[in-house]
Amino acid sequence: MESVIAIIVSYNRKVLLKEAIDHLLKQSYKDFDILVVDNASTDGTKEYIREYIQNSDIIYHNTGTNLGGAGGFSTGIRIGVEKKYKYLWIMDDDTLTETNTLKALMEAKDLLQKPFGFLCSDVRWTDGSACNMNIPNIEENWYEDTSLLEKGLLRVKQCSFVSCFFSVDIVRELGLPIKEFFIWGDDAEYTKRISMKYPCYFVSNSRVVHKMASNIPTDIIAESPDRLFRYNYSYRNMYYVKKLEGGKLNMFLFYYRTLLEIILIIKSDGKGKRKKIRTICHSMRQRKKFKPKIDYIE
């Protein structure tokens, strides 16, 4: 049996976190541990899941400060590598796994019998439809692995961190997610970094539910003004990802989309127009001096 650690990053969502842990504990594949990375929650998260900690159902780590999703995953992955697990399975605290979610990933790993970058699950919303925030990007040369399609594996180049599975060898070679992203884009950058070196796959019979409040993609135009702080990172981070992908066309499309969103904000009837435009401009200015280094584990 091979050791796996499931890593959940959580911040002030203790009820969802407990539900996620309950689902993990029902996995048919049993040879794995659970690590909760608590981003210094202030809602009593540790006390709420104390029974799991005392019964050794989970490993608990408090970061001491809110590192954002990016910093939380970077911390959790580092812990998994340093504790000498062989495979890492990462997810948000609102990810509800099915009984055979991990078993399907392990079977896909064994089926490949060759080096791979990452495996990702089929992420659904609460009504059973595809979760719009977690649809993976298909690799352009997916047709080279058509023999795997009948077994439920599709070649992809990018996925979210909602049920993403990879080996510690990948981390040792390619480094950790960029913690400076804080939120948004860290999963796009990291999985793209992996797929540029190794083939990666969507596993159709490994399914989870992403229990988000809404299945509508994030949109600064419709966003409430009191939630705009997150967009301070969005454009800066995505510029970095587009630069990683390379090509002047990518950069032109990125700038065009940004300009279009500003125009649409001006024409919209929503509140906080000026604040939204300032947020975009601030994030775009930050991109020029945003040059984070990738951390590696010695």
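For the structure itself, look to the data block above.
Note that the coordinates shown come from a computational prediction; the quantities given were computed from them, not determined experimentally.

Student: What exactly am I supposed to notice about the overall build of the protein chain here?
Tutor: Tallying secondary structure elements over the protein chain gives 10 helices and 10 strands in all. Taking 19 Å as the expected radius of gyration for a compact globule of 298 residues, we find that the protein chain reaches 19 Å, a close match to that expectation. Each principal axis of the C-alpha atoms in the protein chain carries an extent, and together these give about 55 × 50 × 45 Å. Residue burial in the protein chain is summarised as follows: out of 298 residues, 51% are buried. Restricting the contact set of the protein chain to residue pairs at least 6 apart, pairs at least 24 apart contribute 79%. Carbon and sulfur atoms provide 52% of the accessible area of the protein chain, an area that totals close to 14,600 Å². Taken together, the 45 basic and 38 acidic charged side chains of the protein chain have centroids lying 8 Å from each other.

Student: Sorry if this is basic, but what is going on with the nonpolar core here?
Tutor: Nonpolar side chains tend to gather and get buried jointly when the protein is soluble and globular. Counting residues in each nonpolar core, the largest one holds 31 residues, and the members touching the most others are Ile7, Ile77, Leu88, Ile90, Phe118, Phe166 and Val171. Judged by nonpolar contacts, the second largest core, of 29 residues, contains Ile8, Met91, Leu112 and Leu119.

Student: Sorry if this is basic, but what is going on with the pattern of salt bridges here?
Tutor: Between side chains of opposite charge, a pair can form when the charged atoms approach closely. Under the counting rule described, the total for this entry stands at 15 salt bridges. With a shortest N-O distance of 3.4 Å, aspartate 22 and lysine 18 are connected by a salt bridge. Taken together, the positions of aspartate 22 and lysine 18, both in helix H1 (residues 14–24) and 4 residues apart, correspond to about one turn of that helix. Across the pair glutamate 150 and lysine 151 runs a salt bridge, and its minimum N-O distance is 3.6 Å. Judged by relative accessible area, which is 69%, glutamate 150 ranks as exposed. What you see here is one network of salt bridges that share partners, running through Arg13, Asp93 and Asp94.

Student: What is the right way to look at the side chain of asparagine 134 in this model?
Tutor: Positionally, asparagine 134 belongs in the loop between strand E6 (119–124) and strand E7 (137–138). On the accessibility criterion, asparagine 134 (8% relative accessible area) is buried. In terms of polar contacts, asparagine 134 uses its side chain to reach the side chain of histidine 210, at 2.7 Å. In this view, asparagine 134 contacts Val123, Ser160, Val162, His210 and Met212; residues no more than four positions away in its chain are not counted.

Student: Which parts of the structure should I look at to understand H1?
Tutor: An α-helical turn contains 3.6 residues, so a residue and the one three or four places further along point in the same direction. Taken together, the buried positions of H1 are Leu16, Leu17, Ala20, Ile21 and Leu24. Taken down its axis, H1 places every buried residue within 140 degrees of arc, on the same side. Contacts made by the buried residues of H1 are with strand E1 (4–10), strand E2 (32–38), helix H2 (45–48), helix H3 (50–54), strand E4 (87–92) and strand E5 (95–97).

Student: What should I look at first to understand the packing of aromatic side chains in this one?
Tutor: Within a pair of aromatic rings, the relevant descriptors are the distance that separates the centres and the angle that separates the planes. Per the stated rule, a full pass over the model turns up 11 aromatic pairs. Ring geometry for tryptophan 142 versus tyrosine 143: centroids 6.2 Å apart, planes at 75 degrees, classification edge-to-face. Residue class for tryptophan 142 comes out partly exposed when judged on its relative accessible area of 35%. Ring geometry for phenylalanine 181 versus tyrosine 240: centroids 5.6 Å apart, planes at 85 degrees, classification edge-to-face. You can see phenylalanine 181 sitting in the loop between helix H6 (168–174) and helix H7 (186–195) and its partner tyrosine 240 sitting in helix H8 (residues 231–245), a full 59 residues away along the chain. Judged on exposure class, the residue phenylalanine 181 and its partner tyrosine 240 are both buried. The structure contains a cluster of three or more aromatic residues connected by ring pairs, namely Phe73, Phe161, Phe166 and Tyr190. Sitting over the face of the ring of phenylalanine 290, arginine 236 holds its NZ or CZ atom 3.8 Å from the ring centroid. Between arginine 287 and the ring centre of tyrosine 239, over which it is positioned, the NZ or CZ distance is 5.1 Å.

What counts and how
- Residues numbered from 1 in each chain as written.
- Predicted model: local features only at pLDDT ≥ 70, side-chain atom pairs only at ≥ 80, totals over all residues.
- Heavy atoms only, no water.
- Helix = DSSP H or I, 4+ residues; strand = E, 2+ residues; numbered from the N terminus.
- Rg over C-alpha atoms; globule rule 2.2 N^0.38 Å.
- Buried < 20%, exposed > 50% of the residue type's maximum accessible area, 1.4 Å probe, protein only.
- Contact = heavy atoms within 4.5 Å.
- Areas by Shrake-Rupley, 256 points an atom, 1.4 Å probe, with all protein chains shown as cover.
- Lys, Arg positive; Asp, Glu negative; His and termini not counted.
- Charge placed at Lys NZ, Arg CZ, Asp CG, Glu CD.
- Core = buried A, V, L, I, M, F, W, Y, C linked by side-chain atoms within 4.5 Å.
- Salt bridge = Lys/Arg side-chain N within 4 Å of Asp/Glu carboxyl O.
- Polar contact = N/O pair within 3.5 Å; in protein donor to acceptor, adjacent residues only side chain to side chain.
- Arc of directions from axis to C-beta.
- Phe/Tyr/Trp six-rings, centres within 6.5 Å; stacked < 30°, edge-to-face > 60°.
- Lys NZ or Arg CZ within 6 Å of the ring centre and 35° of its normal.

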